[in-house]
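A look at the structure
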Amino acid sequence: MIKYHSTNHNSESVNFKEALLKGQAPDKGLYMPDFIPQLSLSQIASMKGLPYWEVAFRATNEFLKDEIPENELKRITKEAYNFEIPLENVFDKVFLMRLDQGPTASFKDFAARMMAKLMEYLIRQEKRNLLILVATSGDTGSAVANAFLGLENIKMVVLFPSKEVSERQRKQMTTLGENITALAVDGKFDDCQAMVKQAFADPGLSHLNLSSANSINFGRLLPQAAYYFSAFSKLVKEREEVVFSVPSGNFGNLMGGLIAKKMGLPVSKFIAAVNENDEFPRFLETGQYQSIKPSKNCLSNAMNVGHPSNLARLIDLYGGQMDEKGKINKMPDINAIKKDIFSVSISDEETRTTIKNVYQKYGTILEPHGAVGFAGLERFLSQAKISSTAISLETAHPGKFPEEIKKALNLEPEIPESMKGLESKKEIFKVISPDYKEFKQFLL
Ligand SMILES: *Cc1c(COP(=O)(O)O)cnc(C)c1O
């Protein structure tokens, strides 16, 4: 059975189930697998033409087979992935992988939906209940709440800053009902997060079985390895290599890709494209790591991260150690990282120009996050002499960013099917002040 160690090496190794239900290790480190199982090139090639849920099954089963029976994992991936992943040819051998076809139109649906089903299955075994608390500044909350909607024995409370989310984002959380309760906090995102953290540490609430669904959970990372296999098997011949460009914030998406590579996927390069929060490309350049505080506000707002939470995992994967505060206690193999990853920072101005140019030249509409990824790929291709297939990830639907698209292209992007009809749905939410006592009373 694969064991998961903490990146801080100060707590016991656990199995997948515990890593999933705990989220973070007790020593504040992140869980990483002790070894990474392998898929052969012919196993990868044989994924060609399968429905996406089956690719996800084959990729994740290697990690989960000792803990989840195959028929259950098949059911889980089938229920989680009732949508496909369009691959658009932009020009020559350059493709766009659209990860925006899920119910909340961002790539976060891939992780959230599978993690939710895995949790439901694993707690059912123990006849346990869970109360999941999520603090969100917008998109994560809706993806996670949607993923947990209607699940058995799990309730969820989503806290969001009442004045800092868009109307559409709010409606995506407040119109669900059932086991999802939305709390509008009269404060900032940091207030929401602080109250959730305090609740986890409060012994007076331990009988509620609180759990989290945030991005540091290994159960949210693993499903993100699968779409790299899917794209490769569709586009590339067995003996060829491929380049992926990943618009990155907390580096969960990129970690999914790196895990796929370690499993045997022939990737010659990942492009870690970041916005003006450029702490990672600077680290690769100088060998010195310096987080950015406060993080810079850029157009690709889901990537406004001054210290990526998954960096500790990336450093662990390359033999180093970084603690939860971002201090590197053991340097990773920087040359090996640079061999695998080309990292580049894209300014807001370049993001806007990319949206314009790509539309004018190829008729493809990108939103700001995907544009950062695409600009990163163009930068890489302009200096690397390669002729391999290159795939840029589009992590959200352009219809989620109508103002930016209108400004850049003077057109109204289509609203994704999954988000239509939101206006007329009934909203239910409770407003609370950013006061822990009030929040605790509510939970009790
Ligand atoms: C969360 C998010 C990202 C960043 O992904 P990470 O895994 O945090 O690097 C990029 N694009 C969109 C649209 C997102 O919602």
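This text goes with the structure placed above it.
Residues numbered from 1 in each chain as written. Predicted model: local features only at pLDDT ≥ 70, side-chain atom pairs only at ≥ 80, totals over all residues. Heavy atoms only, no water.

**So, helix α6 (residues 139-148)**
Selection rule: Relative accessibility thresholds used throughout: buried, under 20% of the residue-type maximum; exposed, over 50%; partly exposed, between the two (1.4 Å probe, protein chains only). Think of it this way: any DSSP run of H or I at least four residues long counts as a helix, any run of E at least two long counts as a strand, and we number them from the N terminus. Note on contacts: a residue pair is in contact if any heavy atoms of the two residues lie within 4.5 Å.
The buried count for α6 comes to nine of 10 residues, which makes it a mostly enclosed element. Here α6 has its buried residues at Asp 139, Gly 141, Ser 142, Ala 143, Val 144, Ala 145, Asn 146, Ala 147 and Phe 148. Along its buried surface, α6 packs onto α5 (108-126), β5 (130-135), β6 (154-161), α7 (167-174), β7 (180-185) and α9 (218-221). Looking at the residues trailing α6, positive phi occurs at Gly 150, about 80°.

**Examining the packing of helix α8 (residues 189-200) against helix α18 (residues 436-443)**
For clarity, the cut-off: To get an axis, a line is fitted to the C-alpha atoms, and for a helix only the part in contact is used. The angle between two axes follows their N-to-C directions and goes from 0 to 180 degrees. Small angles under 35 degrees read as roughly parallel and large ones over 145 as roughly antiparallel, with 65 to 115 read as roughly perpendicular and the rest as oblique. Helix crossings get a hand from a simple test, with the near helix turned counterclockwise from the far one by less than a right angle marking a left-handed crossing and a clockwise turn marking a right-handed one. When residue character is reported, Ala, Val, Leu, Ile, Met, Phe, Trp, Tyr, Cys and Pro are called nonpolar, Asp, Glu, Lys and Arg charged, and the others, Gly included, polar.
Packing of α8 against α18 leaves a shortest axis separation of 10 Å and a crossing angle of 60°. In this view, α8 runs oblique relative to α18, as classed from their interaxial angle. The two elements α8 and α18 meet at a crossing, and its hand is right-handed. Residue-level inspection shows Met 195, Val 196, Gln 198 and Ala 199 of α8 in contact with α18, the latter providing Tyr 436, Phe 439 and Leu 443. Within the contact of α8 with α18, the residues separate by chemical class into six nonpolar, one polar and no charged.

**Some thoughts on unusual backbone geometry**
Cis geometry marks the peptide bond from Lys 293 to Pro 294; its omega dihedral reads -15°. Along the polypeptide, Pro 294 turns up in the loop between α12 (279-286) and α13 (311-317). Positioned with a positive phi, Asp 92 is a non-glycine residue whose angle comes to about 35°. Summarising the element assignment, Asp 92 is placed in the loop between β3 (87-91) and β4 (94-98). A relative accessible area of 67% places Asp 92 in the exposed class.

**Examining the sheet that holds strand β15 (residues 430-432)**
Quick note on the threshold: Strands qualify as paired when DSSP identifies two bridges or more between them.
Strand order in this open sheet of five strands is β8-β5-β6-β7-β15, and the pairing throughout is parallel. Looking along the sheet, the strands with just one partner apiece sit at the ends: β8 (210-212) and β15. Strand-to-strand twist of the sheet, defined as the mean angle between neighbouring strand axes without regard to direction, takes the value 30°. With three bridges connecting them, β7 and β15 associate as parallel partners. Following the sheet pairing, Val 185 is matched in β15 by Ile 432. Here α18 sits on the sheet in contact with β5, β6, β7 and β15, set at roughly 145° to β15.

**Re the site of the ligand**
What counts is decided by this rule: Residue proximity to a molecule or strand is established when one non-hydrogen atom of the residue lies within 4 Å of it. Counted as a polar contact is a pair of N or O atoms within 3.5 Å, where, for protein atoms, one must be capable of donating a hydrogen and the other of accepting one, and residues adjacent in sequence contribute only when both atoms are in side chains. Accessible surface area values rest on a Shrake-Rupley calculation with a 1.4 Å probe, where residue burial reflects the displayed protein chains alone.
In the vicinity of the ligand lie 14 residues, with Lys 108, Gly 249, Asn 250, Phe 251 and Thr 395 positioned nearest. In the environment of the ligand, an oxygen atom lies 2.7 Å from a nitrogen or oxygen atom belonging to the backbone of Gly 249. Within the contact set of the ligand, a nitrogen atom lies 2.7 Å away from a side-chain nitrogen or oxygen of Thr 395. Alone, the ligand offers 380 Å² of accessible surface; in the complex the protein occludes 95% of this. Among the residues forming the shell around the ligand, the class breakdown is six nonpolar, seven polar and one charged.

**Some details on the packing of aromatic side chains**
Quick reminder of the rule: Pairing of aromatic rings covers Phe, Tyr and Trp, the last counted by its six-membered ring, and requires centre-to-centre distances within 6.5 Å; plane angles under 30 degrees mean stacked, over 60 mean edge-to-face, and any other angle means tilted. Two conditions define a charge sitting above a ring: the NZ of Lys or the CZ of Arg must be within 6 Å of the ring centre, and it must be within 35 degrees of the ring normal.
Tallied over the full model, the rule gives 21 aromatic pairs. On the numbers, 6.2 Å between centres and 55° between planes, the contact of Phe 63 with Phe 218 is tilted. Of this pair, Phe 63 sits in helix α3 (residues 52-64) while Phe 218 is found in helix α9, placing the two residues 155 residues apart along the sequence. Each member of the pair, Phe 63 together with Phe 218, is buried. Through a chain of ring-to-ring contacts, three or more aromatic side chains come together here, namely Tyr 52, Tyr 81, Phe 83, Phe 110, Tyr 227, Tyr 228, Phe 244 and Phe 270. Lying across the ring of Tyr 318, Lys 262 places its NZ or CZ 4.7 Å from the centre.

Without other data, these values stay purely geometric and don't point to any function.
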